[in-house]
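Below, each chain spelled out in residue letters.
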Amino acid sequence: MLDTFRSSSKLTKTFTGHTAFACTVDYSTFNDSQLLCSGSWDKTVRIWNTKTNKQIQSFSGHLSHVYCAKFSSYHYHNHRRNVVCSSSVDKTIRFWDIKDGRQLQIFHGHVGWVGGIKFSSFNGGRYFCSGSDDKTIHLWDVETSKSLHVFNGHTRSVWCVDISPSQSNNNMLDESNNIGVIGGNGYTICSGSWDKTICTWDIETTKQLVVFKGHKNWIRSVKYGSNKFGTICGANAILSGSDDESVRLWDIRSGQQIQVFNGHTNQ
C-alpha cells in the first residue's frame with residue numbers, strides 16, 4: 001500500500017483562504033459531498049468541498065486561535081446534520097451547523113486553552129474528549145451538553161487525545177455496542193502532554209491505567225493502533241509524536257516502548 005501511494009502520490013488540490021497558520025484538518029463524506037474542515041490561528045473554522053475545490057462555509061465565532069476541528073459523527077448518524085466541532089485558545093469547544101451556517105452549541109468547562117478533541121467509537125459518537133492547558137481531559141456528552149468526568153493526573157498542558165477504537169465487528173450504530181451514561185465497557189482514552197508523558201484512562205472506572213515515559217520533550221500527537229491495518233500489537237498499541245523529533249510505538253498491555261522511529265530533524 002505504501003509503495004503504491006509513494007509511486008502515485010502528487011499534489012491534487014490546494015485550498016486557499018485562511019489568513020494565518022492552519023493547524024488542523026479533518027475529512028468526511030456526507031451523502032454525495034466530500035468535505036474538508038480546517039481550523040486556523042485566524043480564529044476561523046472553514047469548510048471546503050473537495051470536488052469543487054471551493055470554500056462553502058466559514059465560522060468566525062471563536063475569540064482566539066482554533067487548535068482542532070473535527071466532523072461530528074453523532075450529528076450525522078443521529079440527525080443527518082453536517083456539523084463540525086472545534087476547540088480554541090478561548091477555552092471553549094463549539095459546534096457549527098454547516099448547512100445553516102450557525103453555531104449550535106458551546107461547551108464551557110476548561111479553564112485553559114483547549115487542544116485536541118476526539119469523538120467516541122461507540123454510541124454513534126455521542127461522547128467526545130478534550131485536552132487542555134488546564135492539565136485535564138474532559139469527557140463530554142454531546143446530547144446533553146454536559147461534562148461527564150474530568151481526568152486529572154498530568155502535570156502540564158494536555159495537547160492531544162484519542163479514544164480506543166471500536167471493540168465490535170459490528171457497525172458503530174449497533175445497539176449491542178452501546179454504553180451507559182459514563183460506562184465504557186473497556187474503552188479507554190489516551191492523552192499526550194507537555195509533561196513528556198502519555199497516559200491512558202479507563203472510561204468506565206475513570207481511573208488512570210498506564211503512564212508511558214520515554215519522550216524527551218512535549219507530546220504533540222497520540223493515536224491508537226488498529227487491527228485493520230495489521231500494525232504491531234494492533235489495537236493494543238499507541239503511536240506518539242513529540243518535539244524530541246521522534247515517533248514512538250508503545251505496547252498497552254506491557255506498558256513498554258516497542259520501537260523508536262528517528263529521522264525527523266525538527267519538532
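No experiment lies behind these values; they were computed from the predicted model shown.

What about the overall build of the protein?
Argument step 1. When helices and strands are counted, the protein shows 2 helices and 20 strands.
Argument step 2. For the protein, the residues scored as buried account for 48% of the 267 residues in total.
Argument step 3. Surface summary for the protein: the accessible area is close to 13,300 Å², and the carbon and sulfur share equals 49%.

So, the nonpolar core
For soluble globular proteins, nonpolar side chains are generally found buried alongside one another.
Argument step 1. Ile 137, Ile 189 and Ile 203 are the most contacted members of the largest nonpolar core, which totals 14 residues.
Argument step 2. Secondary structure elements with two or more residues in this core: β10 (127–132), β11 (136–141), β13 (158–163) and β15 (197–202).
Argument step 3. The dominant element in this core, judged by the number of residues it contributes, is β13, at 3 residues.
Argument step 4. Every residue in contact with Ile 189, bar those within four places of it in the chain, is listed here: Cys 129, Ile 137, Leu 139, Phe 151, Asp 162, Ile 163, Cys 199, Thr 200, Trp 201, Ile 203 and Tyr 224.

A word on the sheet that holds strand β2 (residues 33–40)
Argument step 1. As summarised here, the arrangement of the 4 strands in space is β1-β2-β3-β4, forming an open sheet in which the pairing is antiparallel. The open sheet has two free edges, formed respectively by β1 (22–30) and β4 (54–59), since each of these has just one partner strand. The mean inter-strand angle of the sheet, taken between neighbouring strand axes irrespective of direction, is 20°.
Argument step 2. As paired strands, β1 and β2 are joined by 8 bridges and run antiparallel to one another. Across the sheet, residue Phe 30 finds its bridge partner in β2, namely Ser 33.

As for the environment of Thr 265
Argument step 1. Along the polypeptide, Thr 265 turns up in the segment after β20 (256–262).
Argument step 2. Overall, Thr 265 belongs to the exposed group, its relative accessible area being 71%.
Argument step 3. Along the sequence, Thr 265 and Asp 244 sit 21 residues apart, while their C-alpha atoms lie 9.2 Å from each other.

With respect to the environment of Leu 35
Argument step 1. Along the polypeptide, Leu 35 turns up in strand β2.
Argument step 2. For the pair Leu 35 and Ile 47, spaced 12 residues apart in sequence, the C-alpha separation works out to 6.8 Å.

Thoughts on the confidence of the model for the protein
Argument step 1. Confidence in the prediction for the protein averages 88 pLDDT; 87% of positions are at 70 or higher.
Argument step 2. For the stretch residues 169–183, pLDDT sits under 50, and the model shows 34 contacts to residues farther than four places along the chain or on other chains.

As for the layout of surface pockets
Argument step 1. Volume-wise, the second largest pocket comes out at about 560 Å³.
Argument step 2. In this structure, the second largest pocket is lined by 23 residues; those nearest its centre are Cys 23, Tyr 67, Cys 68, Trp 159 and Arg 220.
Argument step 3. Contributions of two or more residues to the lining of the second largest pocket are made by β1, β5 (66–71), β9 (114–119), β13 and β17 (219–224).
Argument step 4. The dominant element in the lining of the second largest pocket, judged by the number of residues it contributes, is β1, at 5 residues.
Argument step 5. For the lining of the second largest pocket, a count of residues per class yields 13 nonpolar, 4 polar and 6 charged.

Digging into the side chain of Gln 105
Argument step 1. Within the fold, Gln 105 resides in strand β8 (residues 102–107).
Argument step 2. Here the side chain of Gln 105 touches Val 142 through a polar contact of 3.1 Å, landing on its backbone oxygen.

Looking at the pattern of salt bridges
Argument step 1. Inspection of the entire model under this criterion finds 10 salt bridges.
Argument step 2. The shortest N-O distance in the salt bridge between Arg 81 and Asp 97 comes to 2.9 Å. Of this pair, Arg 81 sits in the loop between α2 (73–79) and β6 (83–88) while Asp 97 sits in strand β7 (residues 93–97); the two residues are 16 residues apart in sequence, bridging distant segments of the chain.

Quick notes on the side chain of Asp 134
Argument step 1. If you trace the backbone, Asp 134 turns up in the loop between β10 and β11.
Argument step 2. Here Val 111 takes part through its backbone nitrogen, which lies 3.0 Å from a polar atom of the side chain of Asp 134.
Argument step 3. A polar contact is formed between the side chain of Asp 134 and the side chain of Thr 136, at a distance of 2.6 Å.

The rules behind these values
- Residues numbered from 1 in each chain as written.
- Predicted model: local features only at pLDDT ≥ 70, side-chain atom pairs only at ≥ 80, totals over all residues.
- Heavy atoms only, no water.
- Helix = DSSP H or I, 4+ residues; strand = E, 2+ residues; numbered from the N terminus.
- Buried < 20%, exposed > 50% of the residue type's maximum accessible area, 1.4 Å probe, protein only.
- Areas by Shrake-Rupley, 256 points an atom, 1.4 Å probe, with all protein chains shown as cover.
- Core = buried A, V, L, I, M, F, W, Y, C linked by side-chain atoms within 4.5 Å.
- Contact = heavy atoms within 4.5 Å.
- Pairing = 2+ DSSP bridges.
- Axes fitted to C-alpha atoms, helices over the stretch in contact; angles between N-to-C directions.
- pLDDT = per-residue confidence, 0-100.
- 1 Å grid on protein atoms, 1.4 Å probe; cavity = no way out; pocket = protein on both sides within 12 Å on 5 of 7 lines; lining within 4 Å.
- Points joined across faces, edges and corners; volume = space filled by probe spheres on them.
- Nonpolar A, V, L, I, M, F, W, Y, C, P; charged D, E, K, R; others polar.
- Polar contact = N/O pair within 3.5 Å; in protein donor to acceptor, adjacent residues only side chain to side chain.
- Salt bridge = Lys/Arg side-chain N within 4 Å of Asp/Glu carboxyl O.

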